[in-house]
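Single-letter residue listing:
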Amino acid sequence: MKLFASSLLLAVCLLAAPVYAAMPAQPSLKVTTLDGKPYDLSAQRGHWVIVNFWATWCVPCIKELPEISQFVKSHPDIRAIGIAYDDTDPADIRAFLDKHPVSFPMAQVTMDKPLTDFDEPRGLPTTYLIGPDGKVAKHFMGPITPAALSAAIGK
């Protein structure tokens, strides 16, 4: 009887858990950046791309943004896109970026309209490293450093 009850409890928990579709190996990303320009991840093929999810209220995100920006500046074959995963008014995000400028485009995704091909971040910052072939090469949860990016890229 104990085994039956345990099995039943496990089945109920599994049914109650949210179901996530598997993120595609080669995700698409088409967004409008905060400066109104279209951004298409597929146009970046042939380059490494850092897709960084962050928020204005996230202290580790604020620390890593200038490091990612400097890394991109010093590696001409590497691109980045910042995804402000934040329900903040876009004007507030732009004001934040005026105080904390970066060398790569930024877009905003709200929690009620997440990106289709990227898993919803379970914590911030979250970073995906997309290889030159357009496939996810590495997924980082938590702060990312230039050393970790270099190690993942092999540079």
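1. With respect to the pairing of strand 5 (residues 106-109)
Now for step 1: Burial along strand 5 is two-sided: Met106 and Gln108 facing one way and Ala107 and Val109 facing the other are all buried.
Now for step 2: Across 4 bridges, the pairing between strand 4 (residues 78-85) and strand 5 is parallel. Bridge pairing in strand 5 links glycine 82 to methionine 106.
Now for step 3: Each parallel crossover has a hand, and the one from strand 4 via helix 3 (residues 90-99) to strand 5 is right-handed.

2. Thoughts on the pairing of strand 3 (residues 48-54)
Now for step 1: With 7 of 7 residues buried, strand 3 lies mostly within the body of the structure.
Now for step 2: Side chains Trp48, Ile50, Asn52 and Trp54 of strand 3 all project onto a buried face; the interleaved residues Val49, Val51 and Phe53 project onto the opposite face, where all are buried too.
Now for step 3: Sheet topology places strand 3 next to strand 4; 7 bridges connect them, and they run parallel. Each residue of the ladder has a partner; that of phenylalanine 53, found in strand 4, is isoleucine 83.
Now for step 4: A crossover connection joins strand 3 to the parallel strand 4 through helix 2 (residues 59-74); in handedness this β-α-β unit is right-handed.

3. Considering the environment of isoleucine 153
Now for step 1: By secondary structure assignment, the location of isoleucine 153 is in helix 4 (residues 146-153).
Now for step 2: Once you skip the residues sitting within four places of it in the chain, isoleucine 153 turns out to touch Trp48, Phe71, Ile78 and Leu129.

4. Notes on helix 4
Now for step 1: If you check which residues of helix 4 are buried, you get Leu149, Ser150 and Ile153. When helix 4 is viewed along its axis, its buried side chains cluster within an angular range of 100° and face the same direction. Exposed residues lying more than 90 degrees from the buried face of helix 4 are Ala147 and Ala151.
Now for step 2: Next to the buried residues of helix 4 lie strand 3, helix 2, strand 4, strand 6 (126-130) and strand 7 (136-141).
Now for step 3: Immediately beyond the C-terminal end of helix 4, within one or two residues, lies glycine 154, with a positive phi of roughly 90°.

5. Observations regarding the packing of aromatic side chains
Now for step 1: Taken as a whole, this structure holds 5 aromatic pairs when the rule is applied.
Now for step 2: When the ring of phenylalanine 53 is compared with that of tyrosine 128, the centres are 6.1 Å apart and the planes differ by 75°; the resulting orientation is edge-to-face. With phenylalanine 53 in strand 3 and tyrosine 128 in strand 6, the pair connects residues that are 75 residues apart, well separated along the chain. As far as the burial class goes, phenylalanine 53 and tyrosine 128 line up, both buried.
Now for step 3: Grouped by ring-pair contacts, the aromatic residues Phe53, Tyr85, Phe118 and Tyr128 constitute a single cluster.

About the thresholds
- Residues numbered from 1 in each chain as written.
- Predicted model: local features only at pLDDT ≥ 70, side-chain atom pairs only at ≥ 80, totals over all residues.
- Heavy atoms only, no water.
- Buried < 20%, exposed > 50% of the residue type's maximum accessible area, 1.4 Å probe, protein only.
- Helix = DSSP H or I, 4+ residues; strand = E, 2+ residues; numbered from the N terminus.
- Pairing = 2+ DSSP bridges.
- Right-handed = clockwise from strand over helix to strand, strands pointing away.
- Contact = heavy atoms within 4.5 Å.
- Arc of directions from axis to C-beta.
- Phe/Tyr/Trp six-rings, centres within 6.5 Å; stacked < 30°, edge-to-face > 60°.

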